[in-house]
Every structure is written in C-alpha cells, then in structure tokens.
Amino acid sequence: MSKLKNKVAVITGGNSGIGFGIAQEFKSEGAKGAIVGRNPETLANAVAQLGDDFIAINADVTNPADLERVFKETAEKFGKIDVIVANAGGGTVGTVATIGEAEYDKTMDLNLKSVYFTVHKALPHMNDGGSIILIGSNAAHRAYSSFTLYGAAKAAVIFFAKAFSSDLLDRKIRANVITPGTTDTPAFDKFVPAEQIEAVKTHYAGVMPTGRIGQPSDIGKTAVFLASDDSSFMLGAELLVDGGMTYLA
Ligand code: NDP
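Reading the values: the criteria
- Residues numbered from 1 in each chain as written.
- Predicted model: local features only at pLDDT ≥ 70, side-chain atom pairs only at ≥ 80, totals over all residues.
- UniProt positions renumbered as here; feature names shortened; annotations may be inferred.
- Buried ≥ 20, exposed ≤ 12 C-beta atoms within 10 Å, placed from the backbone.
- Helix = DSSP H or I, 4+ residues; strand = E, 2+ residues; numbered from the N terminus.
- Pairing = 2+ DSSP bridges.
- Right-handed = clockwise from strand over helix to strand, strands pointing away.
- Near = placed C-beta within 6 Å.
- Core = buried A, V, L, I, M, F, W, Y, C linked by C-beta atoms within 7 Å.
- Contact = placed C-beta atoms within 7 Å.

Taking an unreviewed UniProt entry as the reference, the protein chain is identified by name as Short-chain dehydrogenase belonging to Chryseobacterium luteum. Listed under Sequence similarities (unreviewed entry) in UniProt, the entry text for the protein chain is "Belongs to the short-chain dehydrogenases/reductases (SDR) family."

Asks: What's the story with the pairing of strand E1 (residues 8–12) in this structure? I'm lost.
Replies: Along any regular strand the residues' side chains alternate between the sheet's two faces. Summarising burial for E1: five of the five residues are buried, a large majority. In E1, alternate side chains face the same way, and those of Val-8, Val-10 and Thr-12 on one face and Ala-9 and Ile-11 on the other are all buried. In the sheet, E1 pairs with strand E2 (residues 32–37) via five bridges, with the strands oriented parallel. Counted as the bridge partner of Ile-11 is Ile-35 from E2. This β-α-β element, E1 to helix H1 (residues 17–28) to E2, shows right-handed connectivity.

Asks: Which parts of the structure should I look at to understand the site of the ligand?
Replies: With respect to spatial proximity, 28 residues lie near the ligand, and among them Gly-13, Gly-17, Gly-37, Asn-39 and Gly-89 are the closest. Elements supplying a minimum of two residues to the shell around the ligand: H1 and E2. Per element, the largest residue contribution to the shell around the ligand is three residues, and it comes from H1.

Asks: Looking at this model, I keep getting lost on unusual backbone geometry. Mind explaining?
Replies: One non-glycine residue with positive phi stands out, namely Asn-6, at about 70°. Residue position: Asn-6 is located in the segment before E1. Judged by local crowding, Asn-6 falls into the exposed class, with 11 C-beta atoms found within 10 Å. If you check the backbone angles, Ser-146 has positive phi at about 70° while not being a glycine. By secondary structure assignment, the location of Ser-146 is in the loop between strand E5 (126–135) and helix H5 (148–167).

Asks: Honestly, the environment of Ala-152 in this entry has me stumped. Any pointers?
Replies: By the element assignment, Ala-152 lies in helix H5. A sequence separation of 41 residues divides Ala-152 from Asn-111, and the C-alpha atoms of the two residues are 9.5 Å apart.

Asks: How do you make sense of the nonpolar core when you look at a structure like this?
Replies: General note: in soluble globular proteins, nonpolar side chains tend to be found buried as a group. Core analysis: the largest hydrophobic core is formed by 65 residues, its most contacted members being Val-10, Ile-35, Ile-84, Val-85, Ile-133 and Leu-134. Tallying contributions element by element places H5 first for this core, with seven residues. Here Val-85 is in contact with Ala-9, Val-10, Ile-11, Thr-12, Ile-22, Ile-133 and Ala-223, once residues within four sequence places are set aside.

Asks: What is the right way to read the environment of Ala-86 from this model?
Replies: With respect to the helices, strands and loops of the structure, Ala-86 is situated in strand E4 (residues 81–86). In sequence terms Ala-86 and Met-1 are 85 residues apart; their C-alpha atoms lie 26 Å from each other. Excluding its chain neighbours within four sequence positions, the residues that come into contact with Ala-86 are Thr-12, Val-115, Thr-118, Val-119, Leu-134 and Ile-135.

Asks: I'm lost on the pairing of E2 in this one. Help?
Replies: For E2, the buried fraction is high: six of the six residues fall into the buried class. Summarising the sheet, E2 and strand E3 (residues 54–58) pair through five bridges and their orientation is parallel. Across the sheet, the residue bridging to Gly-33 is Phe-54, located in E3. A crossover links E2 with its parallel partner E3, the connecting element being helix H2 (residues 40–50), and its sense is right-handed.

If you want it as structure tokens, here you go:
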C-alpha cells in the first residue's frame with residue numbers, strides 16, 4: 001500500500017539532488033504537492049519528471065515573503081498541506097580566519113533563517129497532525145575542515161527539530177531531522193573542480209564503511225518514513241543517514 005497516499009507535501013530545493021530524490025520517493029508512495037527552487041530550468045525538468053500531481057514554485061527560501069506565497073499557492077491548489085520538507089541549503093567553505101560578514105550572513109540565511117521561516121510560514125496552512133522534516137548534515141557533528149559556519153547552522157537545525165516539536169505539541173505536528181553524510185548531488189559540482197569530481201567521489205567511497213557515498217534515494221526513503229504514520233511515535237528525533245561516515249570511518 002502507498003505510504004503517503006493523498007498526502008500533500010512541499011519540498012524546498014525539490015528541483016535538485018537530495019530534494020528531487022525526496023520528491024521522487026514521495027511520488028512513488030502516492031504523495032502530491034509542490035517543489036520549490038529558483039532555477040526555472042531545473043524546476044521545469046523536475047516537475048516534468050514528477051508528473052501532473054506536482055507543481056513547481058519559483059521562490060527564494062531566504063525571503064519570508066516568497067515563502068508565504070509558496071504555502072498560500074500550495075494550499076489553494078491542493079486544499080491542504082500535510083508534510084513540509086525544509087531541504088534547500090548549501091555549504092560555504094572557509095575557516096574562522098577567512099569567512100567575513102557577507103559570507104556569514106549568506107550561509108546563515110540559507111541554512112538557518114530559511115528553515116525557520118519555511119516552517120513559520122507553513123504553519124497557518126498546515127494540517128494538525130502533519131509532519132515537518134528538516135535536512136541537516138553530518139557536518140553538524142564533526143568539525144570537517146572549513147565547514148565551520150555550515151556545520152554550526154546545521155547543528156542549530158538539529159535543535160530546531162526538537163524545539164519545533166515542543167512548540168507544536170498542541171497541534172500534534174511532529175518535526176524530525178535527517179542528517180545526510182556525503183551524498184551524490186550536483187552540490188559536488190559547486191565545490192570540486194569538474195575534472196576532479198569522479199576522483200573525489202571515489203576517494204569518499206573508499207573511506208566509507210559502506211563502500212559507497214549516499215544517493216538522494218537513501219535520504220528520500222528516510223523522508224518517506226518520517227512523513228508517514230510509520231514514524232508517528234517520533235518527534236524531535238535525528239536520523240543520521242551517512243553510510244557510517246561520521247563515526248565509523
Ligand atoms: P543541491 O545543490 O543539489 O540542491 C540544493 C537545492 O536547494 C536546489 O534545488 C536549489 O534550487 C535549492 N536552493 C538553494 N538555495 C535556494 C534558495 N535561496 N531559495 C530556494 N531554493 C534554493 O544540493 P544537495 O541536494 O546536495 O543539498 C540539499 C540539502 O542537503 C542541503 O540542505 C544540504 O546542506 C544538505 N546536505 C547535502 C549533503 C551532500 O553531500 N550533498 C550532505 C549533507 C547535507 P535552485 O538552484 O533552483 O535555487
């Protein structure tokens with residue numbers, strides 16, 4: 001039986017990488033809803049693959065007014081919202097010696113402010129009993145070189161899962177967080193020179209206890225669990241989906 005039949009989901013960053021993997025797994029379990037991003041081309045490609053049950057909304061998750069529009073449009077289109085996935089985010093590489101104020105604000109806006117306002121703006125449109133899924137990172141647990149601010153923002157996202165669950169007890173809305181390890185997404189292209197991408201992936205796979213890096217579907221299947229009633233006893237929880245990379249490698 002489809003685990004998410006008739007559930008309506010909003011997935012930020014659903015046009016690429018992990019977010020698209022989540023959207024694909026949601027679709028295969030019977031969900032419908034909206035994917036959110038800024039790139040019209042990848043939004044159009046993603047929604048074409050997801051089919052008629054999904055819409056694409058062009059919005060910047062660092063802008064609360066954009067987010068308000070996202071949830072209003074989704075609720076108008078589908079009549080309700082059951083599941084929110086605050087996935088959009090990305091890293092800034094640099095140390096405390098090199099990152100200045102502009103990069104600080106950019107990283108925190110994308111990885112922390114966006115998560116807060118995604119949930120804040122969703123709540124007036126969201127069903128009681130719904131599920132909020134946040135995407136953190138294993139970089140919150142280990143001080144990987146130069147992931148200083150990104151790791152700090154993601155550590156706060158893990159806290160948000162607990163705090164949001166506590167704040168929303170009266171509405172029976174559960175918030176949980178998935179912390180991926182290295183996952184095969186276009187984000188690699190942004191940080192690794194094109195000619196080194198395959199070598200870097202092979203290196204990471206070699207140090208992973210599982211012998212491979214993560215795929216967006218690994219995170220997508222975990223998100224299905226957290227979105228479904230199978231996880232109804234879980235709130236404020238973190239699921240580390242990292243192939244053993246963080247503590248066992
Ligand atoms: P991608 O770069 O593939 O995807 C990022 C997504 O976020 C895109 O869809 C992008 O859409 C969207 N996005 C970025 N900025 C904004 C914005 N301001 N407004 C709206 N949408 C935005 O990255 P991943 O799939 O790898 O990352 C997804 C999440 O997973 C992130 O939160 C990341 O930190 C986390 N993560 C990833 C890991 C990995 O190894 N890949 C490991 C641990 C965590 P658009 O370009 O259209 O704006």
